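So you can see what is in the structure, the chains are spelled out below.
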Amino acid sequence: MHTVNIGDTQASLYGKDLLTLKDLSEADISALLTEAADLKQNKIQPIFQGKTLAMIFEKSSTRTRVSFEAGMAQLGGNALFLSQKDLQLGRGETVADTAKVLSGYVDAIMIRTFEHEKVEELAEHADIPVINGLTDKYHPCQALADLLTIKEVKGKLKGVKVAYIGDGNNVAHSLMVGCAKMGCDVSIASPKGYEVLDEAVNAAKEYAGVSGSSITLTADPGEAVKGADVIYSDVFTSMGQEAETNERLTVFTPYQVNASLVKHAKPDYTFLHCLPAHREEEVTAEIIDGPNSAVFQQAENRLHVQKALLKAILYKG
Ligand code: CP
Ligand code: NVA
């Protein structure tokens with residue numbers, strides 16, 4: 001779909017794309033989280049009879065693939081797993097042609113790829129909604145699940161301090177934007193040269209100005225975690241950066257979430273991680289498998305928020 005401006009109510013998401021959380025208002029996100037909580041209780045709602053979601057994957061996935069596929073099934077629809085190596089897209093068919101052809105067969109497209117611009121191009125040429133299932137820049141579906149989890153665990157979003165420790169990557173960008181919109185105070189600690197993008201910082205600062213929250217950027221993990229309600233971590237080496245693994249392991253060593261770092265947070269802090277995790281790299285097993293971790297609740301919430309998103313985008317009611 002060409003239009004990416006999403007209005008103030010959940011109903012306004014009908015027929016729209018989700019490329020980044022910048023396109024959703026605070027009211028849109030609140031409505032999606034409320035719907036997700038309802039779907040968590042009322043799992044099976046066969047409203048999508050005859051509807052199909054095409055899922056294009058150019059990178060690996062466990063959570064995104066399975067939660068979208070299971071979610072479509074629970075809503076009475078169907079999901080198609082389309083890997084790059086099987087699609088003609090992988091042999092040079094254009095993104096535009098792929099978008100136009102799929103628009104004739106299915107009701108929506110979810111895509112996981114490298115360049116964010118590719119998702120924008122797909123959305124521009126598709127006549128059906130396009131959902132970003134992760135690009136090098138953004139991971140909006142993950143951030144929706146993160147917000148639902150924070151709301152469940154802390155009982156609110158406004159005023160909750162969320163500290164992200166590590167690479168200024170796709171997950172960090174979407175988390176920062178989503179948290180700023182919903183009134184969470186965000187602090188991000190990344191090493192020099194691996195900071196979050198200005199594009200995401202500028203958007204987050206604008207939203208923080210509206211919601212009354214704050215954005216703090218630092219290179220010091222201790223400072224970021226100070227008084228935090230939530231500590232969030234992601235891998236040091238994202239998909240596509242494998243050649244930099246050794247260098248990154250060295251640079252990011254001080255950014256491990258471990259027993260000594262979490263002492264700076266509130267005693268009842270919650271640990272979140274988008275998963276997959278590398279124990280003893282970005283987080284110790286003691287923390288991710290410890291009593292303050294909510295990572296599996298967070299992973300499950302991918303299913304519920306994505307079903308809410310699909311319902312908002314594809315179901316008129
Ligand atoms: N968190 C997440 O997107 O996981 P997958 O890569 O397994 O989809
Ligand atoms: N930052 C990670 C997230 C995986 C869900 C990556 O892009 O590989």
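Residue positions are given per chain, counting from 1 as you read along its sequence in written order. Here the convention is simple: chains get letters from A, ligands get numbers from 1, in the order in which they are written. Per-residue local features of the predicted model are confined to residues with pLDDT of at least 70, and side-chain atom pairs are confined, for both listing and counting, to 80 or more; whole-chain, interface and lining totals are unaffected and use all residues. No hydrogens and no water enter the side-chain calculation; it runs on all heavy atoms of the structure.

Observations concerning the nonpolar core
- Ranked by internal contacts, the top residues of the largest apolar core, which has 63 residues, are Met176 and Leu310.
- When residues in this core are grouped by element, the largest group, eight residues, is from helix H6 (residues 170-182).
- Note on definitions: a residue-residue contact is assigned when non-hydrogen atoms from the two residues lie within 4.5 Å. Apart from residues no more than four positions distant in its own chain, Leu310 is found in contact with Phe48, Leu53, Phe68, Met72, Leu75, Ile131 and Tyr315.
- Residues belong to one nonpolar core when they are buried, are Ala, Val, Leu, Ile, Met, Phe, Trp, Tyr or Cys, and are joined through side-chain atoms within 4.5 Å. Three exposure classes are used, based on accessible area relative to the maximum for each residue type with a 1.4 Å probe and protein chains only: buried under 20%, partly exposed in between, and exposed over 50%. Within the second largest apolar cluster, 23 residues are counted, among which are Ala163, Ile165, Ile288 and Val295. Per the convention used, a helix needs a DSSP run of H or I reaching at least four residues, while a strand needs a run of E reaching at least two, with both numbered from the N terminus.

Remarks on the site of ligand 1
- Near residues are defined by distance, with any heavy atom within 4 Å of the molecule or strand qualifying the residue. Close to ligand 1 lie Ser61, Thr62, Arg63, Thr64, Arg112, His139, Gln142, Cys274, Leu275 and Arg302.
- Between ligand 1 and the protein, one listed contact pairs a nitrogen atom with a side-chain N or O atom of Gln142 at 2.9 Å.
- Its free accessible area being 250 Å², ligand 1 has 96% of it covered by the protein chains.
- A cavity here means a set of 1 Å grid points, computed over protein atoms only, where a 1.4 Å probe fits but cannot escape. A pocket is an open set with protein on both sides within 12 Å along at least 5 of 7 lines, and lining residues have an atom within 4 Å of a point. Pocket or cavity membership: a molecule qualifies when more than half of its atoms sit within 2 Å of the grid points of that site. Here ligand 1 is seated within the largest pocket.
- Note that Gly is not counted as nonpolar here; it falls among the polar residues with everything else outside the nonpolar set of Ala, Val, Leu, Ile, Met, Phe, Trp, Tyr, Cys and Pro and the charged set of Asp, Glu, Lys and Arg. Partitioning the shell around ligand 1 into residue classes produces two nonpolar, five polar and three charged. Here a polar contact is recorded for every N or O atom pair within 3.5 Å, except that within protein the pair must consist of a potential hydrogen donor and a potential acceptor, and residues adjacent in sequence are included only if both atoms are side-chain atoms. To measure how exposed things are, a 1.4 Å probe is used in the Shrake-Rupley method; for residues, cover is taken only from the protein chains shown.

Brief notes about the packing of H6 against helix H7 (residues 198-211)
- Lines fitted to C-alpha atoms define the axes here, with helix axes fitted over just the stretch in contact, and angles between the N-to-C directions of these axes take values from 0 to 180 degrees. Contact geometry of H6 with H7 gives a least axis separation of 7 Å together with a crossing angle of 15°. Taken as axis vectors, H6 and H7 run roughly parallel relative to one another. Classified by chirality, the crossing of H7 by H6 is left-handed. Every residue of H7 that contacts H6 at His173, Met176, Val177, Ala180 and Lys181 is listed here: Ala200, Val201, Ala204, Tyr207, Ala208 and Ser211.
- Across the contact of H6 with H7, the residue classes break down as eight nonpolar, two polar and one charged. For classification, angles of less than 35 degrees are called roughly parallel, those exceeding 145 degrees roughly antiparallel, those between 65 and 115 degrees roughly perpendicular, and all remaining angles oblique. Helix crossings fall into two classes, left-handed where the near helix is turned counterclockwise from the far one by less than a right angle and right-handed where it is turned clockwise.

Brief notes about H6
- Expected span, for any helix, means 1.5 Å times one less than how many residues it has. Taking 1.5 Å of rise per residue, 13 residues should cover 18 Å, and H6 covers 18 Å from first to last C-alpha, within 8% of that figure.
- Where burial is concerned, most of H6 is hidden: 13 out of the 13 residues are buried.
- Downstream of H6 by one or two residues, Gly183 has phi in the positive range, about 90°.

Thoughts on the layout of surface pockets
- Within this model, the largest pocket holds a volume of roughly 460 Å³.
- If you go around the largest pocket, you meet 28 residues; those closest to its centre are Val235, Thr237, Ser238, Met239 and Pro276.
- Looking at side-chain class alone, the lining of the largest pocket contains nine nonpolar, eleven polar and eight charged residues.
- Of the pockets and cavities examined, the second largest pocket occupies roughly 230 Å³.
- Lining the second largest pocket are 17 residues, and of these Asp136, Asp167, Gly168, Asn169 and Gln241 lie nearest its centre.
- Broken down by class, the residue content of the lining of the second largest pocket amounts to four nonpolar, eight polar and five charged. Grid points are joined across faces, edges and corners, and a volume is the space filled by probe spheres set on the points.

Quick word on the sheet that holds strand E2 (residues 78-83)
- Each pair of strands is called paired provided DSSP finds at least two bridges between the two strands. Pairing in this open sheet of four strands is parallel, and the strands run E2-E1-E3-E4 from one edge to the other. Strands at the two margins of the open sheet, each flanked by one partner only, are E2 and strand E4 (130-132). Direction aside, neighbouring strands of the sheet carry axes that sit 20° apart on average.
- Two elements, strand E1 (residues 52-57) and strand E3 (residues 108-112), share five bridges in a ladder whose sense is parallel. The partner of Met55 across the bridge, within E3, is Met110.

Don't take any of this as a statement about function, it's just geometry.
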